[in-house]
Amino acid sequence: MKIDAQTTDPHQLPRLIRQAEGAVEVDHCLGQRFLGTALEAGRTLTIRGVPGNALGAYLDGGVIEVYGNVQEATGDTMNEGKIIIHGSAGDATGYSMRGGSILIEGDVGYRAGIHIKSYGDKSPVLIVGGAAGSFLGEYQAGGLILVLGLGCEDRAPYGYFCGTGMHGGRIVVRSDHIPVNLPDQVVPQDLTADEIEALRPHLEAYCEAFGVPMSRLLPHRFYALTPNTKSPYRQLYAMS
Amino acid sequence: MSLMNTFPSRFEVVRDMDKCIACGRCVVECGHGVHRFVKGTKKLAADERRCVNCYRCVAACPTGALKIIPNRQAVNESSNWSAANRREIALQAESGGVLLSGMGTVKNYPLYWDKLLINAAQVTNPSIDPLREPMETRTYLGRSAAEIRRDGSGRLISDLPPHLTLETPILFAAMSYGAISYPCHEALARAATELGTFYNTGEGGLHPDLYRYGAHTIVQVASGRFGVHRRYLEAGAAVEIKIGQGAKPGIGGHLAGAKNVGDISRTRMIPEGTDAISPAPHHDIYSIEDLRQLVYSLKEATRYEKPVLVKIAAVHNVAAIASGIARSGADIIVIDGLRGGTGAAPTQTRDNVGIPIELALAAVDARLREEGIRNHVGLVASGTIRNSADIVKAIALGADAVAIGTAALIAMGCHMCHSCHTGNCSWGICTQRPELVRRLDPDEAKAHLVNLVTAWTREIKELMGGMGINSIEALRGNRLMLRGVGLTDAELRILGVRHAGE
């Protein structure tokens with residue numbers, strides 16, 4: 001089913017997508033919110049243009065592919081499925097996601113991957129091709145945030161307060177730069193050749209989705225940010 | 001020498017040796033490890049420092065040999081420095097830690113419920129006998145239709161927004177599985193179902209075995225999004241966004257890794273043994289517009305079939321905040337006052353942050369009416385609703401319904417030892433220790449909850465009948481039914497009531 005967003009009531013658009021059967025394509029998208037909310041497994045949604053906030057919130061197995069940029073809160077609390085963005089993404093992308101993956105060709109805004117967590121066989125993956133804004137991976141409790149830093153080779157490809165409150169999971173960065181003002185709660189460590197090799201399926205997923213040759217990503221230095229067990233994010237309580 | 005060891009314990013454990021048969025029941029029953037056998041003997045001893053006066057050993061002792069009394073040891077205190085101040089300082093001097101407490105504040109803030117008096121009909125407007133005449137306590141929570149529209153043939157177009165229908169204006173407040181035990185949750189779910197009202201999952205997710213009570217469940221979404229997924233949202237009758245809680249406004253939640261075990265971790269959908277941290281703010285909400293986005297994404301996920309509640313703590317500018325929430329698309333606002341309970345909160349936050357629910361409720365109701373948007377939302381008040389008269393007063397001040405947490409816990413056997421944060425509840429309520437959890441019989445707890453709410457509903461009808469009111473609708477926001485005693489002009493103005501005698 002094909003929908004022209006330009007000639008469709010924006011408030012009806014999410015319902016039309018939800019009620020459609022099989023694959024849905026939306027053309028001329030321009031800021032319409034809440035598209036693909038809780039889309040189930042087996043469903044696909046292809047969007048051309050720029051969808052609005054909360055794209056694919058609570059995604060439950062569906063696949064969303066966007067040819068364009070996306071706005072804020074993409075993939076909020078997603079449980080399963082895949083969101084592929086041929087462009088850049090706004091703030092709070094992947095907020096509290098528990099499973100599935102989000103692939104962003106370009107950059108991502110502030111507060112990406114905040115509070116992402118893993119559970120059982122679920123382990124969310126957020127891949128950013130370019131750079132991320134500040135507050136990347138705050139309160140991260142599980143899963144993987146992978147920042148490739150393409151086009152941002154001269155500096156660390158993320159902003160301030162990266163990983164504040166982090167208590168699980170990994171942020172992996174393809175970069176030669178580690179900022180001096182990282183929060184106490186994260187420790188950087190270079191990936192070994194084996195660890196980079198283990199990352200290959202994620203790199204291949206990125207290359208395949210966006211037609212980028214692997215030679216642009218590898219070989220390169222990668223390092224991981226993980227929670228600092230010596231300075232854990234916890235309050236010391238006095239209990240009587 | 002440890003500072004705490006030089007400080008007298010709060011309680012004394014008095015054992016009547018003439019009655020004690022050294023059966024050791026107290027050793028088994030105490031969740032806090034007070035009683036023990038002296039090694040190699042049949043002699044019982046008590047570590048009084050651990051005692052929180054939960055009353056479990058006293059109730060269980062087969063010969064009535066035990067009594068817990070306040071420590072008779074004189075403690076030097078003054079009108080400025082209480083024994084509690086001194087004990088807390090010693091504890092912090094020793095540990096360097098933040099003070100943690102359970103339940104609601106113990107500080108003596110004004111209880112406006114007790115300074116409000118209810119009216120009764122005499123002569124000119126006859127009172128009604130609820131045993132003889134029908135009294136309506138059914139309550140609809142949600143957005144009222146702003147306008148009445150008819151179709152071409154004059155029939156009403158009934159595209160009412162979704163509502164919650166309560167047979168009595170009493171909800172069970174949000175208490176998470178993890179904070180309280182599984183049998184507690186089961187009892188609340190079954191009682192809500194039997195009573196025709198709702199309980200609230202809190203932010204710890206919904207246990208798979210309780211999905212069947214979904215029609216009487218409000219599922220909560222907090223900043224940590226624990227256990228939130230499509231089926232969870234679809235399971236409930238309504239979805240609540242938790243912004244704040246009366247006992248700890250501005251503070252997030254933190255379930256220690258040690259408590260995050262077994263079913264708790266499965267229900268929260270996070271790995272066992274990891275800390276469950278709910279950051280204080282929702283990192284996607286920085287404005288009413290952002291709140292609106294979350295409200296509508298939840299409505300989208302539930303196909304506009306379920307109302308969305310937003311729960312906030314009563315804070316200084318609560319009226320303006322509530323006005324924003326009413327415009328965010330939320331259907332129901334829950335306001336939790338200063339004296340509300342909690343499983344664990346930093347003591348100073350619990351005891352010093354927020355404002356009393358009575359003032360917050362009156363201010364919010366007045367503000368929403370002034371702005372002509374009171375009918376856009378349902379209003380629920382919570383935070384020390386202790387009896388049916390408090391409920392009548394809350395409704396007269398403008399609430400549609402109230403939520404009860406502490407009262408429900410007491411009905412299930414809580415003895416208010418304020419030690420929920422230790423996880424050692426001897427009554428099996430605020431603990432996950434299997435041997436303690438087993439003590440709470442969900443059938444009995446459910447029956448007690450049903451009894452309590454049924455009794456309170458009868459009393460509400462009595463009080464309404466006394467006022468000559470036969471429908472809860474006619475009581476709502478009816479502040480003429482209230483008078484204040486011993487209140488200042490400012491308090492009367494904010495409450496919107498006149499002084500007794502006026």
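All values reported here derive from a predicted model rather than from experimental measurement. (Residues numbered from 1 in each chain as written. Chains lettered and ligands numbered in written order. Predicted model: local features only at pLDDT ≥ 70, side-chain atom pairs only at ≥ 80, totals over all residues. Heavy atoms only, no water.)

The next point concerns the overall build of chain A. Check the secondary structure of chain A and you find three helices and 12 strands. Relative to the 2.2 N^0.38 estimate, which gives 18 Å for 240 residues, the radius of gyration of chain A is 18 Å and therefore close to what a compact globule would have. In terms of principal-axis extent, the alpha carbons of chain A reach across some 55 × 55 × 30 Å. Considering chain A as a whole, with its 240 residues, one finds that 58% of them fall into the buried category. Residue pairs at least 24 apart in sequence account for 39% of intrachain contacts in chain A once pairs closer than 6 positions are excluded. Taking the average place of the 19 positive charges on the side chains of chain A and the average place of its 26 negative ones, the gap between the two points comes to 3 Å. (Helix = DSSP H or I, 4+ residues; strand = E, 2+ residues; numbered from the N terminus. Rg over C-alpha atoms; globule rule 2.2 N^0.38 Å. Buried < 20%, exposed > 50% of the residue type's maximum accessible area, 1.4 Å probe, protein only. Contact = heavy atoms within 4.5 Å. Lys, Arg positive; Asp, Glu negative; His and termini not counted. Charge placed at Lys NZ, Arg CZ, Asp CG, Glu CD.)

A word on the overall build of chain B. Per the secondary structure count, chain B includes 16 helices and 21 strands. Relative to the compact-globule value of 23 Å for 502 residues, chain B shows a C-alpha radius of gyration of 24 Å, a close match. Seen along its three principal axes, the alpha-carbon backbone of chain B occupies a region of about 90 × 55 × 45 Å. Out of the 502 residues belonging to chain B, those deemed buried represent 56%. Carbon and sulfur atoms form 51% of the exposed surface of chain B, whose accessible area is close to 21100 Å². Distance between charge centres in chain B, computed from 57 positive and 50 negative side chains, equals 4 Å. (Areas by Shrake-Rupley, 256 points an atom, 1.4 Å probe, with all protein chains shown as cover.)

Residues and elements named next belong to chain B. Taken domain by domain, chain B consists of domain 1 (4-76) and domain 2 (116-122 + 128-145 + 157-499). The C-alpha-based centres of domain 1 and domain 2 are spaced at 37 Å. Contact residues are listed per partner, giving 11 residues for domain 1 and 10 residues for domain 2. A combined buried area of about 890 Å² lies between domain 1 and domain 2, and 51% of that area is made up of carbon and sulfur atoms. (Domains from an automatic or database assignment. Buried area = accessible area lost by both parts, 1.4 Å probe.)

Moving on, we get to the interface of chain B and chain A. Opposite the 39 residues of chain B that make contact, chain A presents 37 residues. Across the interface of chain B and chain A, roughly 3600 Å² is buried in total on both sides, 59% from carbon and sulfur atoms. Applying the counting rule to chain B against chain A returns five salt bridges. Ionic pairing is found between Asp76(A) and Arg225(B), a salt bridge with its closest N-O pair at 3.1 Å. Mapped by element, the contributors of at least two residues to the side of chain B that touches chain A are α3 (83-95), β5 (98-101), α5 (230-235), α6 (262-268) and α7 (288-301) of chain B. The greatest single-element share of the side of chain B that touches chain A, amounting to seven residues, is contributed by α7(B). Taken together, the residues of the side of chain B that touches chain A break down into 17 nonpolar, 15 polar and seven charged. Bridge count between strand β12 (residues 237-238) of chain A and β5(B): two bridges; the pairing is parallel. (Salt bridge = Lys/Arg side-chain N within 4 Å of Asp/Glu carboxyl O. Nonpolar A, V, L, I, M, F, W, Y, C, P; charged D, E, K, R; others polar. Pairing = 2+ DSSP bridges.)

Along the chain, the position of Ser382(B) falls in strand β18 (residues 378-382). Residues in contact with Ser382(B), not counting those within four places in the same chain, are Val334(B), Ile335(B), Asp336(B), Gly337(B), Ile357(B) and Ala403(B).

Residue and element names in this part refer to chain B. Spatial strand order, β9-β19-β18-β16-β15-β12-β11-β10: eight strands in an open sheet with parallel pairing. The sheet is open, and its two borders are formed by β9 (170-172) and β10 (199-200), each paired with just one other strand. Direction of pairing for strand β15 (residues 308-313) relative to strand β16 (residues 332-336): parallel, over a ladder of five bridges. By the bridge assignment for β16, valine 310 is matched with isoleucine 333.

To continue, consider the packing of aromatic side chains. Taken as a whole and judged by the stated rule, the model has six aromatic pairs over all chains. Between Phe135(A) and Phe161(A), the aromatic rings sit 5.6 Å apart at their centres with planes inclined by 5°, giving stacked as the arrangement. Separated by 26 residues along the polypeptide, Phe135(A) in the loop between β7 (125-128) and β8 (141-147) and Phe161(A) in the loop between β8 and β9 (168-174) bring together distant segments of the chain. An angle of 75° between the planes, with centres 6.0 Å apart, marks the rings of Tyr177(B) and Tyr182(B) as edge-to-face. Residue Tyr182(B) is classed as partly exposed on the basis of its relative accessible area of 21%. Grouped by ring-pair contacts, the aromatic residues Phe34(A), Tyr296(B) and Tyr304(B) constitute a single cluster. (Phe/Tyr/Trp six-rings, centres within 6.5 Å; stacked < 30°, edge-to-face > 60°.)

All right, on to the sheet that holds strand β17 (residues 345-346) of chain B then. Pairing between the strands of a sheet comes from backbone hydrogen bonds, and it takes one of two forms, parallel or antiparallel. As summarised here, the arrangement of the three strands in space is β12(A)-β5(B)-β17(B), forming an open sheet in which the pairing is mixed. Strand pairing shows two members of the sheet lacking a second neighbour, β12 of chain A together with β17 of chain B, which therefore form its edges. Contacts from α3(B) reach β12 of chain A together with β5 of chain B within the one sheet, and its direction differs from that of β5(B) by about 125°. (Axes fitted to C-alpha atoms, helices over the stretch in contact; angles between N-to-C directions.)

What follows deals with the pattern of salt bridges. Residues and elements named next belong to chain B. With the rule as written, the count across this model stands at 44 salt bridges over all chains. Between glutamate 29 and arginine 56 there is a salt bridge, with its nearest N and O atoms 2.7 Å apart. Placement of the pair is glutamate 29 in helix α1 (residues 25-29) and arginine 56 in helix α2 (residues 56-60), with a sequence separation of 27 residues. Each member of the pair, glutamate 29 as well as arginine 56, is classed as buried.

Attention shifts here to helix α3 (residues 200-210) of chain A. Residue and element names in this part refer to chain A. Looking only at α3, the buried set comprises Leu203, Tyr206, Cys207 and Phe210. Around the axis of α3, the buried residues are gathered within 95° of arc, so they sit on the same side. Facing away from the buried surface of α3 by more than 90 degrees, the exposed residues are Pro201 and Glu208. In the core, the buried residues of α3 are packed alongside β5 (80-85), β6 (101-104), β7, β8 and β11 (222-227). Where α3 ends, the next residue or the one after it, glycine 211, has phi of about 65°, a positive value. (Arc of directions from axis to C-beta.)

The next point concerns the nonpolar core. Membership of the largest hydrophobic core comes to 106 residues, with the highest contact counts inside it found for Phe172(B), Ile335(B), Ile429(B) and Leu475(B). If sequence neighbours within four positions are ignored, Leu475(B) has contacts with Val392(B), Ile395(B), Ala396(B), Met464(B), Met467(B), Ile469(B) and Met481(B). If you look at the next biggest cluster of nonpolar residues, it comprises 43 residues, including Ile3(A), Met97(A), Leu126(A) and Leu136(A). (Core = buried A, V, L, I, M, F, W, Y, C linked by side-chain atoms within 4.5 Å.)

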